[in-house]
Amino acid sequence: MDSRVSELFGGCCRPAGGGAGAALRGRGGAAPGGGGSSKAKKKNGRSRGGKANNPPYLPPEVSSDGRRKYPSVKQLKLVNPSQYRFEHLVTQMKWRLQEGRGEAVYQIGVEDNGLLVGLSEEEMRASLKTLRRMAEKVGADITVLREREVDYDSDVPRKITEVLVRKVPDNQQFLDLRVAVLGNVDSGKSTLLGVLTQGELDNGRGRARLNLFRHLHEIQSGRTSSISFEILGFNSKGEVVNYSDSRTAEEICESSSKMITFIDLAGHHKYLKTTIFGLTSYCPDFAMLVVSANTGIAGTTREHLGLAMALKVPFFIVISKVDLCSKATVERTVKQLERILKQPGCNKLPLLVNSDDDAVTAAQQFAQSPNITPIFTLSSVSGENLDLLKVFLNILPPLTNSKEQEELMQQLTEFQVDEIYTVPEVGTVVGGTLSSGICREGENLVVGPTDDGKFLRLKVCSIQRNRSACRVLRAGQAATLALGLFDRSLLRKGMVMVSPEMNPTICSVFEAEIVLLFHATTFRKGFQVTVHVGNVRQTAVVEKIHGKDKLRTGEKAVVCFRFIKHPEYLKIGAKLLFREGVTKGIGHVTDLQAITTKENGLEESLGPGQLSF
């Protein structure tokens, strides 16, 4: 890549997120009707933008694994468009916002072939004015992310500008991203979340984390042992919306166009099963690995890093407590992380974030390429570089577009039960994630499987999302559902609530193609492991290893497992992770030995309101 492009966009691959390479181009899908491209004018036999054979280009819009690879509609500038042209541009913006699930990034002053042309001050001002009018027309706000001057054969300075367009929140339809927080015990995970969500810096003794703890022993020990959720909102102008100014959760949801839901997981090794459950069950979009600057990579840090990679959760790294260390100690921790990330097992490209420009580039690159790993160095006490993390989270785009979500919403309803509560005057409440379909208040579903393999009828009385009332739940969203007087003792974690038309398949015996990550000796028939598949967590015994008598570390095989307690609802292709002590393995489900209707005893009744299905 040309050195000038590296200087313009942080020195790493390219600003992703909708792609670079258009005078005005968005993060999102192709707009209907194409896009009125502009051809580069020639000057003295050379292409605009400078030297022949070495023009400053932004690279083509390509993703190594196909993520967020969308074609772009391109225009050079937006100076006084005709009414017809303006309406056409508004239609394109609507499409972009729909594809980007309410967000789009526009780059002004770049040719449709990626040539960095730039606009004069007057042209840029007029183009931004037109873009603002377009945003108002579709109910959105614009925020200038960054401006850069470009080399050009002209006496007039020329700039390119990158602009974030975001929809104003409407009826709770904000963009929601889930970020799992990983890291060793005492690395500062809960304190960092407390500072981000409460809007106040820590006092150095853990004051910021007190509101995050759920149990008395967590407050006493200062260690997280359960899974808790915290929210950080951004409004349509990119401003932080959190609990400061005495806001409630409902007010944060109403004011936010984008919501980051942090899943605070345990760092201590004895709570590893809870951490794995949080990663497999809550389906995080991203993971944030917190490393203490003064201790470096210690304890469960490597293990958490391995879990994120095994489950293919994109992760970024935050080095905390830099106020406690010398600059040399922080640099040593950074180099230690870079060395591990570059190893063949990880094969990541670390990107150290030191400025707002780096944060913008990192957010866009991170969603585009699975190999980019941003690294932040910050302090929850002094607030150093905390704003860079907020800039990154504000711009971070979703991994799925609206088309993929629409396809999920058209499927039958399936809700994973991850948590169960009893709330006074409300009754039984379940928390979890809607995997597919749409769930509405008053909807009739069936829940199961029970210990004897049955599914029971129930009714969804009310829905809460991010601690505020919600009437409709869409695929991919997490929420709590009130079930009224339904008997809590009939429920357990790992169940699913599905549409009665689904006819769900359950099994006690299944096959999976696995890779044994580590075992001290040999892995053979009769070995018992704890299996994690989505929200399912149960001990299973190895019934058979196809084609082999035993497995050693690093070997692959198709293995037949049998749950030892009760049947579970599984899907072919689901990611699987198993462990027992130091033994660990990953894989995916390849076959199910389904329990038939007769074996399942679906005809039997359990009394009024609790009919088996």
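Residues numbered from 1 in each chain as written. Predicted model: local features only at pLDDT ≥ 70, side-chain atom pairs only at ≥ 80, totals over all residues. Heavy atoms only, no water.

Engineer: For this particular structure, what's the right way to read helix 8 (residues 301–310)?
Structural biologist: Since the α-helix turns once every 3.6 residues, residues separated by three or four places project in the same direction. Listed as buried for helix 8 are T301, E303, H304, L305, L307 and A308. Downstream of helix 8 by one or two residues, K312 has phi in the positive range, about 60°. (Buried < 20%, exposed > 50% of the residue type's maximum accessible area, 1.4 Å probe, protein only. Helix = DSSP H or I, 4+ residues; strand = E, 2+ residues; numbered from the N terminus.)

Engineer: I'm lost on the pairing of strand 31 (residues 575–580) in this one. Help?
Structural biologist: Each regular strand carries side chains that alternate between the two faces of the sheet. Where strand 26 (residues 528–533) lies against strand 31, three bridges are found, and the strand directions are antiparallel. Its bridge partner being in strand 31, H532 is matched across the sheet by L577. By the bridge criterion, six bridges tie strand 31 to strand 32 (residues 583–594) in an arrangement that is antiparallel. Of the residues in strand 32, the one forming a bridge with R579 is K584. Between the antiparallel neighbours strand 31 and strand 32 lie two residues, among them G581 with a positive phi of about 65°. (Pairing = 2+ DSSP bridges.)

Engineer: Would you mind going over the pairing of strand 5 (residues 158–167) with me for this structure?
Structural biologist: In terms of burial, strand 5 is largely enclosed, as eight of its 10 residues are buried. Here strand 3 (residues 103–108) runs beside strand 5; their pairing, made up of six bridges, is antiparallel. Note that in strand 5 the partner of I108 across the bridge is T161. Taken together, the 10 bridges between strand 4 (residues 140–150) and strand 5 define a ladder with antiparallel strand orientation. For I142, the partnering residue across the bridge sits in strand 5 and is V165.

Engineer: Is there a simple way to think about the layout of surface pockets in this case?
Structural biologist: Where empty space is left becomes clear once a probe the size of a water molecule has been rolled over the atoms. Estimated volume of the second largest pocket: approximately 560 Å³. Lining the second largest pocket are 22 residues; nearest its centre among them are F229, Y421, N466, R467 and T480. Breaking the lining of the second largest pocket down by element, the ones donating at least two residues are strand 6 (175–183), strand 7 (228–234), strand 14 (414–423), strand 15 (427–436), strand 19 (462–465) and strand 22 (478–482). Ranked by the residues each element gives to the lining of the second largest pocket, the list is headed by strand 7, at four residues. Its residues assigned to classes, the lining of the second largest pocket shows eight nonpolar, seven polar and seven charged. (1 Å grid on protein atoms, 1.4 Å probe; cavity = no way out; pocket = protein on both sides within 12 Å on 5 of 7 lines; lining within 4 Å. Points joined across faces, edges and corners; volume = space filled by probe spheres on them. Nonpolar A, V, L, I, M, F, W, Y, C, P; charged D, E, K, R; others polar.)

Engineer: Explain the nonpolar core to me, please; I cannot follow it from the model alone.
Structural biologist: The tendency in soluble globular proteins is for nonpolar side chains to be buried as a group. Residues F262, M288, F316, L389 and F392 are the most contacted members of the largest nonpolar core, which totals 37 residues. Every residue in contact with M288, bar those within four places of it in the chain, is listed here: V179, A180, V181, L182, L192, L193, F262, F316, V318 and L389. By size, the runner-up hydrophobic cluster in this structure holds 33 residues, among which are L182, L279, I317 and L337. (Core = buried A, V, L, I, M, F, W, Y, C linked by side-chain atoms within 4.5 Å. Contact = heavy atoms within 4.5 Å.)

Engineer: Is there a simple way to explain the state of the cysteines in this structure?
Structural biologist: Linking two cysteines covalently via their sulfur atoms produces the bond known as a disulfide. Enumeration according to the criterion identifies zero disulfides in this entry. C507 carries a free sulfur, and the closest cysteine sulfur to it, the one in C560, is 9.9 Å from it. (Disulfide = S-S within 2.5 Å.)

Engineer: In this structure, what is going on with the sheet that holds strand 23 (residues 496–498)? I would like to understand it.
Structural biologist: In a beta sheet, neighbouring strands pair by backbone hydrogen bonds and run either parallel or antiparallel. Reading across the sheet, the eight strands line up as 18-17-23-14-15-22-19-20 and stay open at both edges, with antiparallel pairing between neighbours. Each edge of the open sheet is held by one strand with a lone partner, namely strand 18 (456–459) and strand 20 (468–470). Sheet twist, expressed as the average angle between the axes of neighbouring strands with direction ignored, equals 40°. Bridge count for strand 14 against strand 15 is nine bridges, and the pairing is antiparallel. (Axes fitted to C-alpha atoms, helices over the stretch in contact; angles between N-to-C directions.)

Engineer: What should I look at first to understand the pattern of salt bridges in this one?
Structural biologist: Where charged atoms of side chains with opposite charge meet at close range, the side chains can pair. Under the defined criterion, the tally for this structure stands at 17 salt bridges. The partner of E568 in a salt bridge is R492, with the nearest N and O atoms 3.3 Å apart. One end of the pair, E568, is in strand 30 (residues 568–569); the other, R492, is in the loop between strand 22 and strand 23, and 76 residues separate them in sequence. (Salt bridge = Lys/Arg side-chain N within 4 Å of Asp/Glu carboxyl O.)

Engineer: Explanation requested: the sheet that holds strand 6 in the structure shown.
Structural biologist: Strands sit in the order 8-7-9-6-10-11-13-12 across an open sheet of eight strands; the sheet is mixed. Two strands bound the open sheet, and with one partner strand each, they are strand 8 (240–241) and strand 12 (349–352). Pairing geometry for strand 6 and strand 10 (residues 286–292), over five bridges, is parallel. By the bridge assignment for strand 10, V179 is matched with F286. This element, helix 4 (residues 189–198), spans strand 6, strand 7, strand 9 (258–264), strand 10 and strand 11 (315–320) of the sheet and lies at about 155° to strand 9.

Engineer: I keep staring at the packing of helix 2 (residues 83–99) against helix 3 (residues 121–137) and nothing clicks. Help me out?
Structural biologist: How two helices sit against one another is set out by the angle between their axes and by the gap between those axes. At a minimum axis separation of 9 Å, helix 2 and helix 3 run at an interaxial angle of 60°. Relative to helix 3, the element helix 2 is oriented oblique. When the axes of helix 2 and helix 3 are compared, the crossing they make is right-handed. Contact with helix 2, carried on its side by F86, E87, L89, V90 and M93, involves T130, L131, R133, M134, A135 and K137 of helix 3 and no other residues of that element. The residue makeup of the contact of helix 2 with helix 3, split by class, is seven nonpolar, one polar and three charged. (Parallel < 35°, antiparallel > 145°, perpendicular 65-115°, else oblique. Left-handed = near helix turned anticlockwise from the far one by under 90°.)

Engineer: Help me out: how do you make sense of the environment of V533 in this one?
Structural biologist: Looking at where V533 falls in the secondary structure, it is placed in strand 26. Residues V533 and Y569, spaced 36 residues apart in sequence, show a C-alpha to C-alpha distance of 9.7 Å. Excluding residues within four positions of it along the chain, V533 makes contact with L570, A574, K575, L576 and V589.

Engineer: What am I meant to see in the packing of aromatic side chains here?
Structural biologist: In the structure shown here, the tally under the stated rule is 13 aromatic pairs. Centre to centre, the rings of F277 and Y282 are 6.1 Å apart; their planes meet at 85°, and the pair counts as edge-to-face. Taken individually, F277 and Y282 each receive the classification buried, so the pair is uniform in this respect. Note on F510 and F561: the rings are 5.5 Å apart at their centroids and 25° apart in plane angle, and the pair reads as stacked. Remark: F561 occurs in strand 29 (residues 556–563) and F510 occurs in strand 24 (residues 506–518); sequence separation between them is 51 residues. A relative accessible area of 1% places F510 in the buried class. (Phe/Tyr/Trp six-rings, centres within 6.5 Å; stacked < 30°, edge-to-face > 60°.)

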